[in-house]
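Read off the chains here:
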Amino acid sequence: MAATQVNPTRMELTRLKKKLVTATRGHKLLKDKRDELMRQFLDMARENMALREKVEAGIKAANTNFVIAKAGMSEQILHTALMAPKQEVQLTCKDRNVDIPVFEYTTKSADENDIYSYGFAFTSGDLDDAVKSLADILPDMLKLAEIEKSCQLLASEIEKTRRRVNALEHVIIPETKEGIRYISMKLDENERSTQVRLMKVKDMMLEEAHHYKEHQFE
């Protein structure tokens, strides 16, 4: 393959040697990057698993409180109590390295009691517990979303880096080495051929001048 794609010249040999140095250095850097991304991914995967269990437990507890609240209140009162929330949440997203998102949120009001959009006269304490449990789990839910998205992005980046490492390791570097070997071989052949021609010319000149032949060639 290399024999049909490269010109056996010293300039091309120099270019390929420089390319090999660059490709080898890039291969090492990409392998280091891949290993570091894998380490980050495994750490995030473990954190994701623990946080998901916590969020699922919190959501389960909130659902249980809502079921209990619904059993002790009429459906109309429950819907009316939750119809017009007073608190609002604004979510912003920033990027870390490799476009990993960082979710931050702010609330419209700093008053923690604004999570309750109703008066306490006609509602049950179970509804208060349900609303409070959902409010408490919100930071963990956002953190979970951040970590899961980060895992997706890291997995994609790892795959791209892996493909680049494989391309360098199995295609570019071997082909460059083969090109260097082919050009070196051709240059050596050309040098030997040139020496032989020069020796023949020298013998011819000696024979013509002195009827003397220094080397015998078949």
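Residues numbered from 1 in each chain as written. Predicted model: local features only at pLDDT ≥ 70, side-chain atom pairs only at ≥ 80, totals over all residues. Heavy atoms only, no water.

## Section: the overall build of the protein
(1) Moving on: Within the protein one finds four helices and two strands.
(2) Moving on: Traced from its N-terminal end to its C-terminal end, the protein shows the element sequence α-α-α-β-β-α.
(3) Moving on: Expressed as a percentage of the 218 residues in the protein, the buried residues total 28%.
(4) Moving on: Restricting the contact set of the protein to residue pairs at least 6 apart, pairs at least 24 apart contribute 72%. (Helix = DSSP H or I, 4+ residues; strand = E, 2+ residues; numbered from the N terminus. Buried < 20%, exposed > 50% of the residue type's maximum accessible area, 1.4 Å probe, protein only. Contact = heavy atoms within 4.5 Å.)

## With respect to the environment of P85
(1) Moving on: Within the element layout of this structure, P85 appears in the loop between α3 (75-82) and β1 (89-95).
(2) Moving on: Among the residues examined, P85 registers a relative accessible area of 58% and is labelled exposed.
(3) Moving on: In this structure, the C-alpha to C-alpha distance between P85 and Y118, residues 33 residues apart in sequence, is 8.1 Å.

## Thoughts on the pattern of salt bridges
(1) Moving on: Following the criterion strictly, the structure yields 17 salt bridges and no others.
(2) Moving on: One salt bridge in this structure joins D32 and K28, with 3.1 Å as the shortest N-O distance. Taken as a pair, D32 and K28 lie in helix α2 (residues 10-72) at a separation of four residues, close to a single helical turn.
(3) Moving on: Here D32 falls in the partly exposed class, since its relative accessible area comes to 38%.
(4) Moving on: The partner of R39 in a salt bridge is E36, with the nearest N and O atoms 2.6 Å apart. Residue R39 and its partner E36 are located together in helix α2, separated by three residues, close to a single helical turn.
(5) Moving on: You can call R39 partly exposed: its relative accessible area is 43%.
(6) Moving on: Three or more residues are tied together by salt bridges with common partners; here these are E36, R39, D43 and R46. (Salt bridge = Lys/Arg side-chain N within 4 Å of Asp/Glu carboxyl O.)

## Brief notes about the nonpolar core
(1) Moving on: Ranked by size, the top nonpolar core spans 13 residues in total, and within it V6, L13, L16, I180 and I183 carry the most contacts.
(2) Moving on: Take this core: its biggest share by element is seven residues, from helix α4 (residues 125-210).
(3) Moving on: Not counting the four nearest positions on each side in its chain, I183 is found in contact with V6, N7, P8, T9, E12, L13 and L16.
(4) Moving on: One finds M44, L144, L154 and I158 within the second-largest nonpolar core, a separate group that totals ten residues. (Core = buried A, V, L, I, M, F, W, Y, C linked by side-chain atoms within 4.5 Å.)

## Focus on the side chain of D140
(1) Moving on: Mapped onto the secondary structure, D140 falls in helix α4.
(2) Moving on: The residues touching D140, leaving out its near neighbours within four places in the chain, are L51, K54 and V55.

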